[in-house]
Amino acid sequence: MSTPLRPFLPAAAACALLLAPATGMGDSAWAPRGNASAALDFRIVIPPVMRVLENSHPRQLDASAGGEASAQQRLVVLSNLKHGFCVSLRRAAPQLGTWELQADPNSGVQLSPTADGYRLCSTRPGQYTVLLQHRFGTRDSQTSALHWPVQTDISAI
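The present account deals with the structure reproduced in this document. Keep in mind that this is a model prediction, so the values were computed, not measured. (Residues numbered from 1 in each chain as written. Predicted model: local features only at pLDDT ≥ 70, side-chain atom pairs only at ≥ 80, totals over all residues. Heavy atoms only, no water.)

### Brief notes about the overall build of the protein chain
Reasoning step 1: A count of helices and strands for the protein chain gives 1 helix and 10 strands.
Reasoning step 2: Counted from the first residue to the last, the protein chain has its helices and strands arranged as α-β-β-β-β-β-β-β-β-β-β.
Reasoning step 3: Approximately 11700 Å² of the protein chain is accessible, and the part contributed by carbon and sulfur atoms is 55%. (Helix = DSSP H or I, 4+ residues; strand = E, 2+ residues; numbered from the N terminus. Areas by Shrake-Rupley, 256 points an atom, 1.4 Å probe, with all protein chains shown as cover.)

### With respect to the pattern of salt bridges
Should the charged atoms of two oppositely charged side chains come close, the side chains can pair.
Reasoning step 1: Considering all chains together, one arrives at 3 salt bridges under this definition.
Reasoning step 2: Here arginine 90 makes a salt bridge to aspartate 153, at a shortest N to O gap of 2.6 Å. With a gap of 63 residues between them, arginine 90 in strand β4 (residues 85-91) and aspartate 153 in strand β10 (residues 150-156) connect regions that are remote in the sequence.
Reasoning step 3: On the basis of relative accessibility, which here comes to 28%, the residue aspartate 153 falls in the partly exposed class. (Salt bridge = Lys/Arg side-chain N within 4 Å of Asp/Glu carboxyl O. Buried < 20%, exposed > 50% of the residue type's maximum accessible area, 1.4 Å probe, protein only.)

### Things to note about the environment of alanine 93
Reasoning step 1: Residue placement: alanine 93 occurs in the loop between β4 and β5 (96-103).
Reasoning step 2: The exposure class assigned to alanine 93 is buried, which follows from its relative accessible area of 11%.
Reasoning step 3: Between the C-alpha atom of alanine 93 and that of tryptophan 148, which follows or precedes it by 55 residues, the distance is 8.1 Å.

### Some points on the side chain of histidine 134
Reasoning step 1: Take histidine 134: it is sitting in strand β8 (residues 126-138).
Reasoning step 2: Accessibility expressed as a relative area gives 0% for histidine 134, which makes it buried.
Reasoning step 3: Of the polar contacts made by the side chain of histidine 134, one reaches the side chain of tryptophan 99; its length is 3.1 Å. (Polar contact = N/O pair within 3.5 Å; in protein donor to acceptor, adjacent residues only side chain to side chain.)

### Focus: the state of the cysteines
Reasoning step 1: Under the definition given, this model contains 1 disulfide.
Reasoning step 2: The disulfide partner of cysteine 86 is cysteine 121, and the gap between their sulfur atoms is 2.0 Å. Across the S-S bond of cysteine 86 and cysteine 121 the torsion is about 110°, and the bridge reads as right-handed. Taken together, the positions of cysteine 86 in strand β4 and cysteine 121 in strand β7 (residues 117-122) put the pair 35 residues apart, joining distant regions of the chain. Here cysteine 86 matches cysteine 121 in class, with each residue buried. (Disulfide = S-S within 2.5 Å.)

As structure tokens, this is what we get:
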């Protein structure tokens, strides 16, 4: 037994689907010329960077007859950190007696002594080239050559 409406069921179902609102339809509107507006919000995130581009110094120090040695260290640091960075310089050789360190006052960094060495700090982002002049006095006057006696650690502020 067939009903006279059976051939129209697929067409009626298709019409019902077309008339029902779709949940994922986009929104649009027509605006007269000159009255359109839109807003875009962009957020650019720059990751923090702190790189030691150069840390050059002699591999070993030659002590003079009086037990003194001197050397120059070149430190180049690039940082975009808002509050800057600090470099800790510590003795890595126990046979060192005295240690004096000087930095160029025009380098943009501040040098201060600490209990176990020195601290070199910058309070702004940028690229810093610092020439450090080290002077060492050894406790043992028989020591003629020392491996580089300074450990360098860098940290963010």
